[in-house]
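What follows is each chain in one-letter form.
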Amino acid sequence: MEASTAVAAGKHSLSVRRAADTDIPHVVALDERVTGLAKSAYWHDVFERFGQSRLERFFLVAEAAQAESGLAILGFIVGEVRAWEFGSAPCGWVLALSVEPRARLHGIGQALFEAISIEFKRAGVGKMRTMVARDNRLHLLFFRSEGMMAGPYIQLEKELD
Amino acid sequence: MKLQISSRLAIFALLELAAESDRQLSVAGIGEEYGVSNHHLAKVMNVLVRAGLVRSVRGARGGYQFNGNIRRTTLLDVIELFENIGADVSAAVGDRTSQGRALREVLGEIDDIARATLGSITIATMLKLVERRRNSGRRPRT
């Protein structure tokens, strides 16, 4: 993607760009505010694997075009193109999406979603996918509102004795 | 899964009214579109009024107007005004057996998915889906 894409989202003027290593402490802090868990090692590892302009792997962050919000990062999205896992043709996967709680309902999630959609299309795939916990109403409502429907796969699991 | 006719009518009526925020429609107008009796539809509209999702407008050109929040009201919110989706706790034949408990577990899985699906689709999302279906219907065949 270009170094930065300006997006008008609600009352905020946003910039969506690839994550830099200096963003990761802010990503860790945002994720901790949202989930209540600090996962510093995890997010640094994600950045190693998905950041730094890797082909078909995307770690994008949204920030206010002007430093009006006082927040370094307003949200982030992580995804990649995967091929032939579970027998699936190449497809874009959204692996993580988070928006600053104080900045929600201003189109930030939508801007991130659209930005990664563009990246997936540029990478040559025509479908994108994600997985959401059934009781995560907020994420389900968001992804549905972006036009996502149930796909042809069913996630299965079992307790290991 | 199959919805009761009242749930279906309520969803259709809300979609018609929410498509344009200042739109007013009469029971006869909606009934004609979906081929249902005014009597049945009037009962459905009364339930929607009591739930605060529509309001009744009096006068010569009166009718009903959408009164909810299209980004907050889900299909589950509407359906549950008329019927229960899943979570059937009433006793059923064989419930006390291990077979019965296993069957209840499987059926519960289906109910959970149905509730999660219906609870994640708002009126706004449905309006987008309707628009998409309308556009795909117009697409010329190649």
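Residues numbered from 1 in each chain as written. Chains lettered and ligands numbered in written order. Predicted model: local features only at pLDDT ≥ 70, side-chain atom pairs only at ≥ 80, totals over all residues.

### Observations regarding the nonpolar core
- Judged by nonpolar contacts, the single largest core of 31 residues is most densely connected at Leu 60, Ala 62, Phe 76, Ile 77, Ile 108, Leu 112 and Ile 116 of chain A.
- Apart from the residues lying within four places of it in its own chain, the contact partners of Leu 112 of chain A are Val 16, Leu 60, Ala 62, Gly 75, Ile 77 and Leu 97 of chain A. (Core = buried A, V, L, I, M, F, W, Y, C linked by C-beta atoms within 7 Å. Buried ≥ 20, exposed ≤ 12 C-beta atoms within 10 Å, placed from the backbone. Contact = placed C-beta atoms within 7 Å.)

### Structural notes on the interface of chain A and chain B
- Counting residues at the interface gives eight residues for chain A, matched by 11 residues for chain B.
- Each residue belonging to the side of chain A that touches chain B can be placed in one class, and the counts come to three nonpolar, two polar and three charged. (Nonpolar A, V, L, I, M, F, W, Y, C, P; charged D, E, K, R; others polar.)

### Points about unusual backbone geometry
Residue and element names in this part refer to chain A.
- Positive phi, close to 70 degrees, is recorded for Trp 84, a residue that is not glycine.
- Mapped onto the elements of the fold, Trp 84 is located in the loop between strand 4 (75–82) and strand 5 (91–99).
- A positive phi angle is found at Leu 105, which is not glycine, with a value near 65 degrees.
- In this fold, Leu 105 is placed in the loop between strand 5 and helix 3 (108–122). (Helix = DSSP H or I, 4+ residues; strand = E, 2+ residues; numbered from the N terminus.)

### A short note on the environment of Ser 7 of chain B
Residue and element names in this part refer to chain B.
- Of note, Ser 7 is situated in helix 1 (residues 5–18).
- With 44 residues separating them in the primary sequence, Ser 7 and Ala 51 have C-alpha atoms 14 Å apart.
- Apart from residues lying up to four places away in sequence, Ser 7 is in contact with Val 78, Ile 79, Phe 82 and Glu 83.

### Brief notes about the confidence of the model for chain B
- Mean pLDDT over chain B stands at 90; residues scoring 70 or higher make up 96%.
- When mean pLDDT is compared element by element in chain B, helix 4 (residues 75–79) of chain B scores highest at 97, while helix 2 (residues 27–34) of chain B scores lowest at 89. (pLDDT = per-residue confidence, 0-100.)

### Brief notes about helix 2 (residues 40–50) of chain A
All names here are of chain A.
- Taken residue by residue, helix 2 has Trp 43, Val 46 and Phe 50 as its buried positions. Projected down its long axis, helix 2 shows its buried positions confined to an angular sector of 55 degrees, all on one face. In helix 2, those exposed residues whose orientation departs by more than 90 degrees from the buried face are Ala 41 and Asp 45.
- Elements in contact with the buried residues of helix 2: helix 1 (24–35), strand 3 (57–64) and strand 4.
- One or two residues past the end of helix 2 sits Gln 52, with phi positive at roughly 55 degrees. (Arc of directions from axis to C-beta.)

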